[in-house]
Amino acid sequence: MIFDETYTLMNNVEIPKLGLGTWQTPDGDAAYNSVKWALEAGYRHIDTAAAYGNEESVGQAIRDSKIPREEIFVTTKLPAEFKGYDIAHEKFNKSLEKLGLDYVDLYLIHAPWPWDKIGMDCTEGNIESWKAFEEIYASGKARAIGVSNFEPGHIESIVEAGNIMPMVNQINFHVGHTQEETKKYCDAHNIIIMAYSPLATGGLVEDEYVAKLAEKYNATIPQICIRYVIQKGCVAIPKSTHQERIIANAKVEFEIEKEDMEYLDNK
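Residues numbered from 1 in each chain as written. Predicted model: local features only at pLDDT ≥ 70, side-chain atom pairs only at ≥ 80, totals over all residues. Heavy atoms only, no water.

Engineer: Can you lay out the layout of surface pockets for me, pointing to particular residues and giving the numbers?
Structural biologist: What the largest pocket holds in volume is close to 550 Å³. Along the walls of the largest pocket sit 30 residues, with Trp23, Gln24, Ser197, Thr201 and Lys239 positioned nearest its centre. In terms of residues, the lining of the largest pocket owes the most to one element, helix α9 (residues 243–249), which gives three residues. Residues belonging to the lining of the largest pocket are distributed by class as follows: twelve nonpolar, 15 polar and three charged. Volume-wise, the second largest pocket comes out at about 200 Å³. Forming the boundary of the second largest pocket are 14 residues, of which Thr6, Pro16, Arg44, Glu70 and Glu71 lie nearest the centre. Per-element tally for the lining of the second largest pocket: the top contributor is strand β2 (residues 14–16), with three residues. Of the residues contributing to the lining of the second largest pocket, the split by class is five nonpolar, two polar and seven charged. (1 Å grid on protein atoms, 1.4 Å probe; cavity = no way out; pocket = protein on both sides within 12 Å on 5 of 7 lines; lining within 4 Å. Points joined across faces, edges and corners; volume = space filled by probe spheres on them. Helix = DSSP H or I, 4+ residues; strand = E, 2+ residues; numbered from the N terminus. Nonpolar A, V, L, I, M, F, W, Y, C, P; charged D, E, K, R; others polar.)

Engineer: Just give me the short version of the sheet that holds strand β6 (residues 106–109), but keep the residues and values in it.
Structural biologist: The strand order β3-β4-β5-β6-β7-β8-β9-β10 describes an open sheet built from eight strands, whose pairing is parallel. Since the sheet does not close on itself, it has two edges, and those belong to β3 (20–21) and β10 (235–237), each with one partner. The pairing of strand β5 (residues 73–78) with β6 spans four bridges and is parallel. Looking at β6, one finds that Thr75 is bridged to Leu106. (Pairing = 2+ DSSP bridges.)

Engineer: Explain the side chain of Asn149 to me, using residue names and the numbers behind them.
Structural biologist: The topology assignment puts Asn149 in the loop between β7 (145–148) and α5 (152–161). Engagement of the side chain of Asn149 in a polar contact is seen with the backbone oxygen of His110, the distance being 2.9 Å. At 3.2 Å, the side chain of Asn149 and the side chain of Ser148 are in polar contact. Ignoring any residue separated from it by four or fewer positions in sequence, one finds Asn149 in contact with His110, Ala111, Pro112, Trp115, His154, Asn169, Gln170, Ile171 and Tyr196. (Polar contact = N/O pair within 3.5 Å; in protein donor to acceptor, adjacent residues only side chain to side chain. Contact = heavy atoms within 4.5 Å.)

Engineer: Would you mind going over the pairing of β7 in detail, with residue names and values included?
Structural biologist: The two faces of a sheet get side chains in turn, since along a regular strand they alternate between them. Across the two faces of β7 the burial is the same, with Ile145 and Val147 and Gly146 and Ser148 all buried. Assessed by its sense of winding, the connection that carries the chain from β6 through helix α4 (residues 123–139) to β7 is right-handed. Relative to strand β8 (residues 168–172), β7 runs parallel, the two being bridged by two bridges. By the bridge assignment, Val147 is partnered in β8 with Asn169. Crossover β7 to β8 through α5 is right-handed. (Buried < 20%, exposed > 50% of the residue type's maximum accessible area, 1.4 Å probe, protein only. Right-handed = clockwise from strand over helix to strand, strands pointing away.)

Engineer: Give me the pairing of β6: which residues, what numbers.
Structural biologist: Residue alternation in β6 divides its side chains into two sets, Leu106 and Leu108 and Tyr107 and Ile109, and both sets are buried. What joins β5 to β6 is helix α3 (residues 85–99), and the crossover it makes is right-handed. Strand direction decides the pairing type here: β6 and β7, joined by three bridges, are parallel. Looking across to β7, one finds that Tyr107 is bridged to Ile145.

This is the structure in structure tokens:
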């Protein structure tokens, strides 16, 4: 079962290969139900972020599931616009409060720069944030720490100033967009890639190039896209608010053959 399959982070924490993403999922019924349905279907990894504004509903669904806390891997993130030691601690505690949890399994810096200032040099702010992350990790309130949307240079700067290598880098990774330089760097440093938008935010759902393989494997296009990401050694966190799609997205037990992986690589 795909739900039982994990990668092992550099600190020996296991992270499920498949999770539910909740980006663009509104707080309230949409977030609550999508998490509820995912957990009922067998998912054991839920990805959220303070910036998504849905931590309260995500946390409520996790608690209401009555599934033992240690069986669910929960990821959340420090908002991209907040850089610094004190604010990182403050925002982490706020996320714990909203989630209603004693700890998270993974805490990420959401981006190397604010979303309205993409490309801005925030090296010092990221270094200060990472110092707080290392303390949060040492406290046990986050079982693993990492980054999101970071390129190799961004990672290098915090590693040189800190003591702990990020364990995960969550990036936009999908068929036709595999960020080879970042993937190669992360692989070399034992940093697990978590692929958000494995369906290219819906852009691949009706893609004719991928559809050829979907027909061959008697699978849906989303299933091919998710399986591809997993076979590339990444965690896949597809997002959906539809119960039937959440269930279907997990039916990825098949193996894409080597030549077909190469076909997808060349899109």
